[in-house]
Amino acid sequence: MITQTVLSSVQRAHAERNLPRYTSYPTAVAFDAAQIDQAAGWFAQTRSDDHLSVYVHVPFCRRLCWYCGCNTSIAHTYERVGTYAEVLAREIDLTARRLGEHDGLAHLHFGGGSPNALSPVDFKRLVAQLTSTFHVRPGAEIAAELDPGMLSDAFVDAAGEAGVTRVSLGVQTFDPGVQALVNRVQPFEQVSAAVDRLRAAGIDALNFDLMYGLPGQTVDNVYASTKAALELRPDRIAVFGYAHVPWMKKHQTMIREADLADIDGRWAQADAADAALIEAGYVRIGLDHYALPDDPLSRAAAEGRLRRNFQGYTDDPAPVLVPIGPSSIGQFREGFVQNLTPTDAWAAKIARDEPPLGRALAITDEDRLRSAVIERLMCDMRVDVAAICAAHGFAPDHLASSLASLSAVEVAGLCVLDGSSVVIPESARRLMRVVAAAFDERLPVAVNRHAKAV
């Protein structure tokens, strides 16, 4: 049963705000090129007991979905992708040589784009190289984001043979009218067949991405799509709001703004997906994720171990995230790094045996403090600010001004303040970014750099 929320004018104004998703703090808009030389040395500072997480970006797709906000392009022949895979292999070796001692690879994630734009042979070869070069640990998670409409039997077999343990499928919607409006036609039967093939190959951990706010979406068809997805019983589901930014992603001009819901419609669509998921027994995880009760993500959330990184919510505790591929973001104790985004510039650096970094940001103790507060709000929906301050070596009242700024947010019903404690009520879960933003000393940002809060 769908219970639709009626937003107050104040809540509606907050929902319309352009805010970061807080997959990191400071956010990526703060990175700059001036710190690249300093950042190049961070790779060598890993410690012998550090587990590694590695993110590999594949900036190619076999079709261009009009809603997409990712760094990707269409390769009309495989020659371009194959050449990219060769350069990627060189970057893997280059990066491994730059790292200090570590305790092996605990989490490997392929994103994109669509990693199944790679040939089965190239994908399998890259996974083997990565797991060997970075010394894969027993029980490591090897994950890939795949386009189910372009997923071949040969690629599924290669993924299974390579040791992939988790796959995330970009489902978005099952409504054929909406699929046509976003240029991503993939009937339920096609996705169902992909799920069956993956499970038959031994890949049992499956995630689905669903979306609301797409052109032509309504409360009814979002609810129906979510119910259809649940028939396939994925372990995790993420429900993302479409961000319409045609000034940044030119292909989004193919989407008519007249076909998009207003903020109340978007909220109602998100309510519809939430209702179907809760009815089916899934657990709410943070801002926009859901998982089965016995999934590791649900257990991490229940035990206060949930983390947030550039792939979303995770139970991965690795202190080091190694970036591979153009635009990939990495994280070290000293700060964040991001590879060059243009593929040719990235490849040219690697050809010179140079780290292909484009931007970086050294983080301060203040950044670490604010990051900890924001992460706990985004993961636990509650935080004791004074306790976090003390744990980071600051006076308990160090963030008093940020706390005070939440008084108006509390009046709007988005949080409850009790001394130094901040609690986000369940009714305001979808607006938790508004509460987190109170601790972001780098706001305001340019209005068009971030998506709406809902």
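Residues numbered from 1 in each chain as written. Predicted model: local features only at pLDDT ≥ 70, side-chain atom pairs only at ≥ 80, totals over all residues. Heavy atoms only, no water.

A. Region of the structure containing the sheet that holds strand β19 (residues 421-423). With antiparallel pairing, three strands are arranged side by side in an open sheet as β17-β19-β18. Whereas interior strands pair on both sides, the edge strands pair on one side only; in this sheet they are β17 (382-384) and β18 (416-418). Going across the sheet, the axis of each strand differs from the next one's by a mean of 10°, ignoring polarity. By the bridge criterion, three bridges tie β17 to β19 in an arrangement that is antiparallel. Paired with Arg382 across the strands is Val423, a residue of β19. Against the sheet, helix α12 (residues 365-380) makes contact with β17 and β19, and its axis sits at roughly 145° relative to β17, the strand it touches most. (Pairing = 2+ DSSP bridges. Helix = DSSP H or I, 4+ residues; strand = E, 2+ residues; numbered from the N terminus. Axes fitted to C-alpha atoms, helices over the stretch in contact; angles between N-to-C directions. Contact = heavy atoms within 4.5 Å.)

B. Structural view of the packing of aromatic side chains. One pass over the full model with this rule turns up eight aromatic pairs. With centroids separated by 4.9 Å and ring planes inclined at 55°, the aromatic side chains of Phe110 and Phe123 adopt a geometry described as tilted. With Phe110 in strand β4 (residues 105-112) and Phe123 in helix α4 (residues 120-133), the pair connects residues that are 13 residues apart, well separated along the chain. With 5.9 Å between their ring centres and 85° between their planes, Phe310 and Phe336 make a pair best called edge-to-face. Note that Phe310 is positioned in the loop between β11 (307-309) and β12 (312-314) and Phe336 in strand β15 (residues 335-339), a separation of 26 residues in sequence. Of the aromatic side chains, those joined through ring pairs into one cluster are Phe31, Phe310 and Phe336. Sitting over the ring of Tyr313, Arg308 keeps its end group 4.4 Å from the ring centre. Its guanidinium or amino end placed over the ring of Trp267, Arg430 lies 4.8 Å from that ring's centre, counting from NZ or CZ. (Phe/Tyr/Trp six-rings, centres within 6.5 Å; stacked < 30°, edge-to-face > 60°. Lys NZ or Arg CZ within 6 Å of the ring centre and 35° of its normal.)

C. Summary view of the packing of helix α3 (residues 78-98) against helix α11 (residues 343-351). Two elements in contact, α3 and α11, have axes whose closest approach is 10 Å; the angle formed by their N-to-C orientations is 45°. With respect to their mutual orientation, α3 and α11 come out oblique. Considering only the axes of α3 and α11, their crossing is left-handed. Here α3 contributes Tyr84, Val87, Leu88, Arg90 and Glu91 to the contact with α11, which in turn contributes Thr343, Trp346, Ala347 and Ile350. Split into classes, the residues belonging to the contact of α3 with α11 amount to six nonpolar, one polar and two charged. (Parallel < 35°, antiparallel > 145°, perpendicular 65-115°, else oblique. Left-handed = near helix turned anticlockwise from the far one by under 90°. Nonpolar A, V, L, I, M, F, W, Y, C, P; charged D, E, K, R; others polar.)

D. Just the packing of α4 against helix α5 (residues 153-162), in detail. Where α4 meets α5, the axes come as close as 9 Å, and the angle between the chain directions of the two elements is 15°. Between α4 and α5, the angle falls in the class roughly parallel. Handedness of the α4/α5 crossing: right-handed. Here α4 contributes Pro120, Phe123, Lys124 and Val127 to the contact with α5, which in turn contributes Ala154, Phe155, Ala158, Ala159, Glu161 and Ala162.

E. View of the side chain of His289. Here His289 shows up in strand β10 (residues 289-291). Within the structure, His289 has its side chain in polar contact with the side chain of Asp288 (distance 2.7 Å). If we ignore the near neighbours within four places in the chain, the residues touching His289 are Ile237, Ala238, Phe240, Val283, Arg284, Leu297, Gly312 and Tyr313. (Polar contact = N/O pair within 3.5 Å; in protein donor to acceptor, adjacent residues only side chain to side chain.)

F. Spotlight on the pattern of salt bridges. As enumerated under the stated definition, the model contains 29 salt bridges in all. The residue Arg12 makes a salt bridge to Asp264 at a minimum N-O spacing of 2.9 Å. One end of the pair, Arg12, is in helix α1 (residues 9-15); the other, Asp264, is in helix α9 (residues 263-279), and 252 residues separate them in sequence. The exposure class of Arg12 is partly exposed, given its relative accessible area of 28%. Taking relative accessible area as the criterion, Asp264 reaches 31% and is therefore assigned partly exposed. Three or more residues are tied together by salt bridges with common partners; here these are Glu141, Arg166, Arg236 and Asp295. (Salt bridge = Lys/Arg side-chain N within 4 Å of Asp/Glu carboxyl O. Buried < 20%, exposed > 50% of the residue type's maximum accessible area, 1.4 Å probe, protein only.)

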